[in-house]
Amino acid sequence: MAERRMFAKAIIDSDAFLDMPASSQNLYFHLSMRADDDGFVGNHKKICRMVGAADDDIKVLLSKRVILGFDSGLIVIKHWRINNYLRGDRYKPTVYTDEMKLLSI
């Protein structure tokens, strides 16, 4: 997993993003910082506890569709490829291959 992440202003300056509560925006940044190189997060509940986010913050992110949830409990950052691009020699594929197959780019 990379140590650095990028955020596109096109996403974080959008009205949809800015209409969310500050706590949900904060959670989005923390989830993005801890996502794997394909944008998947397998421990979002732990991250919520670490940053003091409420269950409603995840619900807001899901309802605004800035993250997508899977039946397995995983989440993925929807605009991952807009926010982040990794060179091939730095990229490490996700271990969540079943969920990855459900996504289209």
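What you see is a predicted model; the values in this text were computed from it and never measured. (Residues numbered from 1 in each chain as written. Predicted model: local features only at pLDDT ≥ 70, side-chain atom pairs only at ≥ 80, totals over all residues. Heavy atoms only, no water.)

Caption draft 1: The arrangement of the nonpolar core in detail. By size, the foremost hydrophobic cluster in this structure holds 21 residues, and its most contacted members are L27, Y28, L31, L61 and I77. At the level of secondary structure, the elements contributing two or more residues to this core comprise helix 1 (9-12), helix 3 (22-34), helix 4 (44-51), helix 5 (55-63) and strand 3 (75-77). Apart from residues no more than four positions distant in its own chain, L61 is found in contact with M20, S24, L27, Y28, L31, V66 and I67. Ranked by size, the runner-up nonpolar core spans five residues in total, among them F40, F70, L74 and V76. (Core = buried A, V, L, I, M, F, W, Y, C linked by side-chain atoms within 4.5 Å. Buried < 20%, exposed > 50% of the residue type's maximum accessible area, 1.4 Å probe, protein only. Helix = DSSP H or I, 4+ residues; strand = E, 2+ residues; numbered from the N terminus. Contact = heavy atoms within 4.5 Å.)

Caption draft 2: Quick peek at the sheet that holds strand 3. Strand order in the open sheet formed by three strands is 1-3-2, with antiparallel pairing between adjacent strands. In the strand order of this sheet, the two ends are held by strand 1 (40-41) and strand 2 (67-69), each with one partner. In terms of strand pairing, strand 2 meets strand 3 through three bridges, oriented antiparallel. Counted as the bridge partner of I67 is I77 from strand 3. (Pairing = 2+ DSSP bridges.)

Caption draft 3: Structural view of the packing of aromatic side chains. Summed over all chains, the structure comprises seven aromatic pairs. A ring pair is formed by F7 and F29, whose centres lie 4.8 Å apart and whose planes are at 80°; its orientation type is edge-to-face. Pair noted here: F7 is in the segment before helix 1 and F29 is in helix 3, with a separation of 22 residues, a long-range link. Ring geometry for Y28 and F29: centres 5.9 Å apart, planes at 70°, overall edge-to-face. Exposure remark for Y28: the relative accessible area of 0% places this residue in the buried category. On the basis of relative accessibility, which here comes to 26%, the residue F29 falls in the partly exposed class. An aromatic cluster is present here, built from F7, F17, Y28 and F29 joined pairwise through their rings. (Phe/Tyr/Trp six-rings, centres within 6.5 Å; stacked < 30°, edge-to-face > 60°.)

Caption draft 4: Representation of unusual backbone geometry within the structure. Although it is not a glycine, R65 sits at a positive phi angle of roughly 65°. For R65, the location among the structural elements is in the loop between helix 5 and strand 2. For R65, a relative accessible area of 47% gives the class partly exposed.

Caption draft 5: Inspection of a positive patch on the surface at higher detail. A surface patch of like charges, here positive, comprises R34, K45, K46 and R49. The dominant element in the positive patch, judged by the number of residues it contributes, is helix 4, at three residues. Mapped onto the fold, K45 is located in helix 4. (Patch = residues over 30% accessible without salt bridge, like charges linked within 9 Å, V, L, I, M, F, W, Y side chains within 5 Å. Areas by Shrake-Rupley, 256 points an atom, 1.4 Å probe, with all protein chains shown as cover. Salt bridge = Lys/Arg side-chain N within 4 Å of Asp/Glu carboxyl O. Lys, Arg positive; Asp, Glu negative; His and termini not counted. Charge placed at Lys NZ, Arg CZ, Asp CG, Glu CD.)

Caption draft 6: Expanded view of the packing of helix 3 against helix 4. For the pair helix 3 and helix 4, interaxial distance at closest approach is 10 Å and the crossing angle is 125°. In terms of axis orientation, helix 3 runs oblique to helix 4. For the crossing formed where helix 3 meets helix 4, the hand is right-handed. Contact residues: N26, L27, H30, L31 and R34 in helix 3; H44, I47, C48, M50 and V51 in helix 4. Across the contact of helix 3 with helix 4, the residue classes tally to six nonpolar, three polar and one charged. (Axes fitted to C-alpha atoms, helices over the stretch in contact; angles between N-to-C directions. Parallel < 35°, antiparallel > 145°, perpendicular 65-115°, else oblique. Left-handed = near helix turned anticlockwise from the far one by under 90°. Nonpolar A, V, L, I, M, F, W, Y, C, P; charged D, E, K, R; others polar.)

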